[in-house]
Structure formats: structure tokens, C-alpha cells
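# Working through the structure, step by step
Listed here are the chains, written in short residue letters.
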Amino acid sequence: MNRILTIACAVTSLVAPFALSACTGDGYGTSAIYSQLVEDEIRVVMPANAPSISQQFRVAGNRGGRGNPTSFHEGIDIIARVGTPVIAAAPGRVVDSFMEPMYGNRVVIDHGADATGRRARTVYMHLDSRRVQSGMQVSRGQEIGTMGRTGVLAAAISHLHFEVHRTRGTRIVTAQDPHLFWADGVGRVTCFDPERAVDDGVFRTTYPVPCRENAAR
Ligand SMILES: [Zn+2]
């Protein structure tokens, strides 16, 4: 997948040099286009001060992608420099914090059941460092680690692979598009703001990487 990103960045840099910043890990305010294989594409609204999204969620639909490993990406990739803080997208309890070869350093937070009765988890991968251990309670916006490129699948590109999992009934559902859960609404990427309360009983996420305070617009 990262080879695709690298190629896409190389091609993009030829036709739109301004977009190259998104490929060097220092971009803000841009959100990659969805794969043509995705049928339920979400219109994404990115704040100008939010670190860019280099790859969207995709699972194979009916357009022939089934069985093709490149048609699966069960989260979004957010790019920034190694060492950038990674923060909890919602309050919860850490249920996993470990290192493995493919996705590197991983943290998983369980957010419990919300007012709808459904449970949610968020997953953070390729971290450079982990700041939390299994069993710890974390608040929204708390630093849980730093961004990195650990694990073979990071392909040496510093980024956060971020997933949202939800249950349906008693069944653990595979990952859902993270853009469904932002506090400001579907597709509306919501920066974490410590002054703003967004917890109203329903599972809502804020961006898992801090937005910069003074946005260059
Ligand atoms: Zn990814």
C-alpha cells in the first residue's frame, strides 16, 4: 500500500508541486481521494490546521475489488513527522499496547458501549513509542504515543494508521470508515480542543493527532 502512496506522491509532484508537502510528512489540511473501488465514499471536510490524510478507508465493494489485497485499507493514514504526538480519539480503557513485526507499535482503546448500545474500539498503529499500557484509563486527547514508521507495512513512511471498530448486536464488526464518527458529523474531521466538551453519551471521535494552533491559511 505504501508503494502505491510513494508512486502516487511521485506522480502528484509532477502535476501539482504544492501537493508534495503531503508526501514529505509535513502537510496540513488535505485529504486523499477515495479509491474508485469504494462505493460509499464520504465527502471529507478537513480543517486547514489538521495534519493531512494520505490514504482513505477502503474495503472491496461490488466493483470487482474483492480478493485483491490492495482493495483493503481498514483505516485512514495520517501523515506527520516521527515523534508527533498521537492522542486518544475518545475516552476509554487501553486493552492492547504491544509491538509486532507488521504494524509495529500498536495501541488499542476500548470505549465501551454508548447510548446506542454499541461498543467501539480505536486502533493506532506504526507508533514510534507507546506511552500507555494495557488496563490504563485514558481521557480524550491524552497522548498515548508518538507517530512513527515501525512495522514492515509502514514502509519507512512516518504515519499513523488509525482504525475504528464497532459491534453490531453481539458481533464484533470489522473496521468501519473513521469518517463516520467525527464529533462535528460524518466526514467533518474534528480537531481535539480541550476547552470543548463533545461527550454526550454517543461515541464520537476527535482527530487522533493534534491540529496546529495557528493555521496558515
Ligand atoms: Zn494505513
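Our focus in this paragraph is the overall build of the protein chain. The number of helices and strands found in the protein chain is one helix and 11 strands. The N-to-C order of helical and strand elements in the protein chain reads α-β-β-β-β-β-β-β-β-β-β-β. Within the protein chain, contacts between residues separated by at least 24 positions form 57% of all contacts whose residues are at least 6 apart in sequence.

Unusually for a residue other than glycine, His-126 sits at a positive phi of about 70°. One can find His-126 in strand S6 (residues 119–127). Residue His-126 is classed as buried on the basis of its C-beta count, with 26 C-beta atoms lying within 10 Å. For Ala-156, which is not glycine, the phi dihedral falls at a positive 65°. Following the sequence through the fold, Ala-156 ends up in the loop between strand S9 (143–146) and strand S10 (159–168).

What follows concerns the sheet that holds strand S7 (residues 129–130). The sheet built from three strands is open, its strands ordered S3-S9-S7 with antiparallel pairing. If you trace the sheet from one side to the other, it starts and ends with strand S3 (85–87) and S7, each paired once.

It is worth spelling out the pairing of S9 at this point. Where S3 lies against S9, three bridges are found, and the strand directions are antiparallel. Within S9, the position partnered with Pro-85 by the bridge is Thr-146. Where S7 lies against S9, two bridges are found, and the strand directions are antiparallel. Bridging across to S9, Ser-129 finds its partner in Thr-146.

The topology assignment puts Arg-131 in the loop between S7 and strand S8 (137–138). Classification of Arg-131 by C-beta neighbours within 10 Å gives partly exposed; the count is 17. Residues Arg-131 and Glu-143 lie 12 residues apart in sequence; the distance between their C-alpha atoms is 7.1 Å.

This paragraph deals with the environment of Thr-84. With respect to the helices and strands, the residue Thr-84 is situated in the loop between strand S2 (76–79) and S3. Considering only alpha carbons, one finds Thr-84 and Ser-158, 74 residues apart in sequence, at a separation of 9.6 Å. Once residues lying within four places of it in the same chain are set aside, the contact partners of Thr-84 are Thr-146, Met-147 and Val-209.

For the rest of this paragraph, the subject is the pairing of S6. Burial of S6 is extensive: eight of the nine residues sit out of reach of the surface. Two strands pair when backbone bridges link them, and strand S5 (residues 104–113) and S6 are joined in this way by six bridges, in the antiparallel orientation. Within the sheet, the bridge partner assigned to Val-107 lies in S6 and is Tyr-124. Once S5 ends, the chain turns through five residues before running back antiparallel as S6, passing Gly-117 with a positive phi of about 90°. Strand direction decides the pairing type here: S6 and S10, joined by six bridges, are antiparallel. The partner of Tyr-124 across the bridge, within S10, is Phe-162.

What follows deals with the nonpolar core. In this structure, Ile-78, Val-86, Tyr-124 and Val-209 are the most contacted members of the largest nonpolar core, which totals 38 residues. Those elements giving two or more residues to this core turn out to be S2, S3, S5, S6 and S10. For this core, the element with the highest residue contribution is S6, accounting for five residues. The residues contacting Tyr-124, other than those within four sequence positions of it, are Val-86, Arg-106, Val-107, Ile-144, Gly-145, Leu-160, Phe-162 and Pro-208.

Our focus in this paragraph is the confidence of the model for the protein chain. Any residue range with low pLDDT should be treated as having predicted coordinates unsuitable for detailed reading. Overall, the prediction assigns the protein chain a mean pLDDT of 85, with 80% of residues at 70 or greater. When the criterion is pLDDT under 50, residues 1–22 qualifies, and its contacts beyond four places in sequence or with other chains add up to 25 contacts.

Each value, and the rule that gives it
Residues numbered from 1 in each chain as written. Predicted model: local features only at pLDDT ≥ 70, side-chain atom pairs only at ≥ 80, totals over all residues. Helix = DSSP H or I, 4+ residues; strand = E, 2+ residues; numbered from the N terminus. Contact = placed C-beta atoms within 7 Å. Buried ≥ 20, exposed ≤ 12 C-beta atoms within 10 Å, placed from the backbone. Pairing = 2+ DSSP bridges. Core = buried A, V, L, I, M, F, W, Y, C linked by C-beta atoms within 7 Å. pLDDT = per-residue confidence, 0-100.

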